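# Results of the structural survey
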Amino acid sequence: METMSGKKLGGLALVAVTAIAPIVWGSTYAVTHLFLPADRPLFAGAMRVLPVGLLMLAWHRRLPRGSWWWRSLVLGSLTMGLFFGLLYVAAVRLPSGLGATLTALSPMVTMVLAWLFLRERAARATLLASVVGAAGVLLLVLQNRSQGSVDLIGVLASLGAVTSASAGFVLTKRWSADENVIVVTSWQLVAGGLLLTPVALLVEGRPPQLPLSGWLALAYLGLVGSGVAYVAWFRGLASMSAGAVAVIGLLNPVAGTLLGVVLLGEPFGPVHLLGMGLVLGSVLLAQPQLRSALRKGTRQRTPSTRHTVDVCPSTTSS
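Keep in mind the model is a prediction, meaning the values are calculated, not measured. (Residues numbered from 1 in each chain as written. Predicted model: local features only at pLDDT ≥ 70, side-chain atom pairs only at ≥ 80, totals over all residues. Heavy atoms only, no water.)

Okay, helix α13 (residues 270–285) next. With 16 residues, α13 should cover 22 Å at 1.5 Å per step; its first-to-last C-alpha distance of 22 Å lies within 8% of that length. Within α13, burial applies to H272, G275, M276, V279, S282 and V283. Take α13 and look down its axis: the buried residues cluster within an arc of 125 degrees, on one side only. Summarising the geometry of α13, the exposed residues directed more than 90 degrees from the buried face are P270, L273 and L284. (Helix = DSSP H or I, 4+ residues; strand = E, 2+ residues; numbered from the N terminus. Expected span 1.5 Å × (residues − 1). Buried < 20%, exposed > 50% of the residue type's maximum accessible area, 1.4 Å probe, protein only. Arc of directions from axis to C-beta.)

Have a look at this one:
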């Protein structure tokens, strides 16, 4: 059976593939703001996961077997159904800046859950990267948006959304080592969509009438924002530590900020640039293969170390 990670990728290539997901997710705000009704987030959430999940399921034609029936339901609920529902509650009760700031805690939450479920201990550099990245996100979102009042239910919903998605990602890594990434993704998309659709109908009523641009936006959010993005994300999870992948997720607000400047005319200044620099630096710091390459390059540039290795290799420490 093909493994979830599929063909092996090199360090930088794997980071680049994984980064596709948060960069694409970062475009959600601009696309939604431009082409979709702001009062139908659950409808948009259901439409971005269920149709593409059914298409992927029809393409590979593999239904879950055995324990994967309940696993798909659990994962789909955590990563999509419950996540979108709690995100909706947070969105209507919290200022957008505060909500985005709370989601920046996701790398830390993921590392805690990875230790609980996978016994995966995060490196100190990855922990530091998560803090630096969260500070960068804080600079990005606080510069643009007023915080307003703090609503306890909204805060709990936002933290619940972060915890739900993080738990789903960690459990996906634990359960999916021997499964194809596209197959696992499709099962989660369908399960999450089937759970989210009746909730959207109950809360928001009948689906809205959309112009062609709205349906094209939903097609983009489904095919690229869910299909391509989740496959890239789960592929990264299969081969990298959960903490390192979670820090890559902080590229989401960076992409959102840049697209907001280009498409929506939002302001951009030195504070934004500093925030982006902190986030990008944290992503690089969290990757062990990049840290290893830097250490190796430093050793090679040290004449005394190079001389000792070449002349007397038996004296090097193990």
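Resuming the write-up.
Right, let's get into helix α6 (residues 106–118). Working note: α-helix, 3.6 residues per turn, so residues spaced by three or four point in the same direction. Helix length check: α6 (13 residues) gives 17 Å between terminal C-alpha atoms against 18 Å at 1.5 Å per residue, within 8%. In the segment just after α6, R119 is the residue with positive phi, at about 55 degrees.

The next thing to look at is the confidence of the model for the protein chain. When pLDDT is averaged across the protein chain, the result is 84; 84% of the residues are at 70 or more. Mean pLDDT per element in the protein chain: helix α15 (residues 303–311) is the minimum at 44, and helix α9 (residues 181–204) is the maximum at 95. Below pLDDT 50 for its whole length, residues 1–6 participates in 22 contacts with residues either more than four positions away or in separate chains. Segment residues 305–318 is flagged for pLDDT under 50; beyond a separation of four residues in sequence, or across chains, it makes six contacts in the model. (pLDDT = per-residue confidence, 0-100. Contact = heavy atoms within 4.5 Å.)

This next bit is on the side chain of T185. Positionally, T185 belongs in helix α9. Relative accessible area serves as the criterion here: at 0%, T185 is assigned to the buried category. Polar contacts involving the side chain of T185 include one to the main-chain carbonyl oxygen of V181, which spans 2.7 Å. When neighbours within four sequence positions are excluded, T185 is seen to be in contact with M56, Y230, V231 and F234. (Polar contact = N/O pair within 3.5 Å; in protein donor to acceptor, adjacent residues only side chain to side chain.)

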